[in-house]
Each structure stands twice: as C-alpha cells, then as structure tokens.
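# Summary of structural features
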Amino acid sequence: MSGQEPTSGRPRLMRAAALAAAALALPALLRLVRRSPPPLPIPWGRAHRYVWRGHTVTFQQAGDGAPLLLLHSLGPGHDGAEWRGVAERLAARFRVLVPDLPGWGRSALLERTPTAELYRDFVGDFLAEVVREPAPVVAAGGSAPFAAAAASALPEAVRLLGVVTPRGLGGSPRPQLWPRLLDLPVLGAPAFALATSRIAVERHLRSRLDRPEVVDAGRLAHHLRSCRRPGADRALIAWWQGRLDADAAPALAQLGAPLWIAWGRLAQRPPVGDADLWLRLVPAARVDVFEGCGDLPHVEHAGLFCRAFEQQLGALPDSVRTA
C-alpha cells in the first residue's frame with residue numbers, strides 16, 4: 001500500500017506544477033502582448049469611419065468610380081490591409097471599399113463574443129448604408145459565408161458575389177483541443193499570447209501563402225500589431241473556436257447574383273478540391289484557379305487576380321454589369 005501512494009498523488013502534483021508554471025509565465029507573456037503598439041494607418045486610399053450598432057468601423061476607400069466591396073479573411077492579424085494590391089489596381093475603375101470587420105484591424109473592439117450572424121448583419125448594413133448602390137462583393141476565407149448570406153438577403157444590392165478560397169462548405173477540420181484552453185481563467189491568457197507570438201503568426205502566414213517573399217518583415221509586423229491590440233482577442237478567439245463558422249449552403253440555394261469562385265492551387269484551408277462543393281450548389285458559377293498560390297491568391301498575385309475579376313465582371317449580362 002505504501003508503495004502506491006506516490007503514484008496516486010503524481011497526477012495532482014503534475015497539475016499543480018503546470019498551474020504554477022503558467023502563473024509564473026503569465027506576467028511576462030502579458031507584458032509582451034501589451035508592449036505591442038496599435039496597428040499603423042494603412043498607407044493607401046482614404047480612411048473613413050462608419051458607426052454600426054455603437055461600434056466605430058474603419059474602412060479604406062480608393063478610387064471614385066462604381067462601388068466594389070472587398071471583405072478580408074479571418075485569422076491572427078487579418079484585416080483589410082490584405083486587399084491593398086487589388087484595391088490599388090482597381091481604384092482606377094472602381095470606388096473600392098475595404099472595411100476592417102468589427103473587432104478586427106483598426107475597427108472598434110467588441111464588448112461581447114461575436115457570432116457569424118453578427119458579421120452577416122454587418123455586411124448587409126454596410127451595403128445598405130455605406131455602399132448604397134448595387135456593387136460586386138468579393139469575400140475571402142471565413143468572410144465568404146457572411147457575404148453569401150447578405151447577397152441572398154439583399155439581391156438588389158449585389159451585382160456579383162466573389163468568394164476567394166471560401167469556407168462554409170466542407171473544408172479542413174479545426175483543432176479540437178488547444179482552442180479550449182483560451183477560455184480557462186489561468187491558462188487562457190498565456191495560451192493566447194503563445195498563439196499570437198512572432199513564431200506562431202509567421203508560421204500561420206507561411207502556411208497560407210506559398211511565396212515566402214510575401215511574408216516579409218512589414219507584413220509580419222502588421223499582423224502582430226493587429227492581433228496584439230488589447231481587447232483584440234475576443235474576435236480572434238471566437239474564430240479559433242469555430243464560433244464564426246457558418247454554413248453557406250442555405251444562402252447559395254437562394255442566391256440571385258452571379259457567383260465567381262477564386263482559389264489558390266496550393267491552398268490548404270480549405271483545399272482547392274472543395275470548389276466542387278460550391279459548383280454543386282451553383283453549377284453556373286465560374287471558377288478561376290491561381291497557380292503557385294496558397295489560401296490568399298489576391299495577396300500573392302494581385303495583378304492576375306484583378307484581371308480574372310475584371311474578365312468575370314465583363315462576362316456578365318449587360319443588365320447585371322450596368323445595374
């Protein structure tokens with residue numbers, strides 16, 4: 001009996017040691033996060049603000065032509081800056097509007113954990129109150145289901161729906177264990193700090209972009225500034241935990257606008273094979289696959305992306321193209 005007592009107490013000792021280590025590491029990790037300055041102003045276009053449900057949403061506008069709405073993907077440090085290359089090229093023809101979604105980038109932080117429904121409503125209200133005339137909408141990654149829902153609910157507001165390596169149908173499964181740590185009172189803050197460390201964010205970007213030169217010091221610094229803002233954890237944690245995932249199928253079943261699908265050949269989350277899932281629901285959709293690109297072809301090959309988008313827009317019926 002006496003020989004078994006140390007073994008029975010070992011799990012408790014290990015848990016106590018883990019909690020003690022986390023408590024010791026917590027102050028240093030939190031100091032690291034708090035040292036990060038706020039995101040820098042985006043050096044293109046003109047910054048504007050839109051007050052939505054009491055939150056100030058910052059969006060960038062470039063050009064003065066017909067409107068075009070671009071919605072960024074989701075992840076650590078993601079915001080409207082990912083559309084810079086596309087916006088600068090299309091500004092000669094369009095009034096390009098690129099918001100930082102509520103709780104992301106320079107937009108005001110959220111007081112409550114966001115939901116997919118909140119972002120769906122935001123896209124619809126932004127179209128109605130800021131864009132205010134029919135426009136193409138192009139959404140990347142996790143924002144694609146929000147745009148699809150808005151396009152389905154407001155068919156008169158969306159001339160063309162574009163989705164870039166979209167989530168919302170199938171896709172890679174999310175990790176089940178580590179995001180749960182983010183809700184724990186002692187381990188949550190250190191886990192978030194580690195997940196937004198320089199090493200973790202750089203690994204995230206390199207997993208989404210095929211061309212290593214795209215993940216330069218400036219892009220990495222921008223992502224670190226954005227995801228380390230005090231209070232920026234609420235939206236990012238909701239994304240990591242899958243609370244912002246939405247099923248795009250119901251919206252696609254009622255979609256009235258033409259659908260354009262853009263995908264990176266080397267995309268992993270989700271892989272290019274998932275384009276078939278979108279085509280099954282919208283067989284008339286056009287798919288453009290960009291070689292040598294990961295999840296964000298609009299970042300890696302902005303010129304090719306713009307040409308494909310303009311070709312798709314030019315192929316629309318006159319009644320849609322000039323609406």
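To be clear, the structure that these remarks concern was listed above.
Quick look at the structure, then. (Residues numbered from 1 in each chain as written. Predicted model: local features only at pLDDT ≥ 70, side-chain atom pairs only at ≥ 80, totals over all residues. Heavy atoms only, no water.)

### Observations regarding the packing of helix α3 (residues 116-131) against helix α4 (residues 144-153)
Pairs of packed helices are described in terms of their axes, by the angle between the two and the distance that separates them. Rules: An axis is simply a line fitted to the C-alpha atoms; with a helix, the fit covers only the stretch in contact. Between two such axes, the angle follows the N-to-C directions and lies from 0 to 180 degrees. Put simply, DSSP marks the helices as runs of H or I at least four residues long and the strands as runs of E at least two long, and each gets a number from the N terminus on. For classification purposes, angles smaller than 35 degrees are called roughly parallel, those larger than 145 roughly antiparallel, those between 65 and 115 roughly perpendicular, and all remaining angles oblique. By definition, any crossing whose near helix is turned counterclockwise from its far helix by less than a right angle is left-handed, and any crossing with a clockwise turn is right-handed. Throughout, a contact is declared for two residues whenever any of their heavy atoms are within 4.5 Å. Gly is placed with the polar residues, together with every amino acid not listed as nonpolar (Ala, Val, Leu, Ile, Met, Phe, Trp, Tyr, Cys and Pro) or charged (Asp, Glu, Lys and Arg).
Two numbers describe how α3 lies on α4: the axes approach to 8 Å, and their chain directions differ by 55°. With respect to α4, the element α3 is oriented oblique. Helix-helix and strand crossings are classified by hand; for α3 and α4 the assignment is right-handed. Along the contact surface, α3 presents Ala-116, Tyr-119, Arg-120, Val-123, Gly-124 and Leu-127, while α4 presents Phe-146, Ala-147, Ala-149 and Ala-150. Across the contact of α3 with α4, the residue classes tally to eight nonpolar, one polar and one charged.

### A look at the pattern of salt bridges
The criterion, for reference: Every case where a carboxyl oxygen of Asp or Glu lies within 4 Å of a side-chain nitrogen of Lys or Arg is listed as a salt bridge. Between buried and exposed lies partly exposed: a residue is buried under 20% and exposed over 50% of the maximum accessible area for its type, with that area taken using a 1.4 Å probe on protein chains only.
Tallied over the full model, the rule gives 13 salt bridges. Between Asp-64 and Arg-46 there is a salt bridge, and its shortest N-O distance comes to 3.3 Å. Placement of the pair is Asp-64 in the loop between β2 (55-62) and β3 (66-71) and Arg-46 in strand β1 (residues 46-52), with a sequence separation of 18 residues. The exposure class assigned to Asp-64 is exposed, which follows from its relative accessible area of 63%. In this structure, Arg-206 and Glu-202 form a salt bridge, with 3.1 Å as the shortest nitrogen-oxygen distance. Of this pair, Arg-206 and Glu-202 both sit in helix α7 (residues 198-208), separated by four residues, roughly a single helical turn. For Glu-202, a relative accessible area of 26% gives the class partly exposed. When salt bridges with common partners are traced through the structure, they connect Arg-53, Arg-120 and Asp-121 into a single cluster.

### A few points about helix α9 (residues 233-240)
Along an α-helix, residues three or four positions apart point the same way, because every turn accommodates 3.6 residues. Taking burial as the measure, the eight residues of α9 include six buried ones, the bulk of the element. Among all positions of α9, only Ala-235, Leu-236, Ile-237, Ala-238, Trp-239 and Trp-240 are buried. Here the buried face of α9 lies against α3, α5 (178-181), α6 (188-195) and α8 (217-227). Backbone geometry just after α9 places Gly-242 at a positive phi near 85°.

### Section: the sheet that holds β1
Under the convention used in this document: Paired strands, in this sense, are two strands between which DSSP finds at least two bridges.
Within the open sheet, the eight strands sit side by side as β1-β2-β4-β3-β5-β6-β7-β8. Their pairing is mixed. Because the sheet does not close on itself, it has two edges, and the strands there are β1 and β8 (286-290). If you compare each strand with its neighbour and ignore which way they point, the axes differ by 20° on average. Pairing analysis gives three bridges linking β3 to strand β5 (residues 135-140), with the strands arranged parallel. By the bridge assignment for β5, Leu-71 is matched with Ala-139. Sitting on the sheet, α3 is in contact with β1, β2, β3, β4 (94-99), β5 and β6 (158-164), with an inclination near 115° to β1. Where helix α13 (residues 302-314) meets the sheet, it contacts β3, β4, β5, β6, β7 (259-264) and β8, and its direction lies at approximately 170° from that of β8.

It is worth stressing that arrangement in space is one thing and function is another; only the former is reported here.
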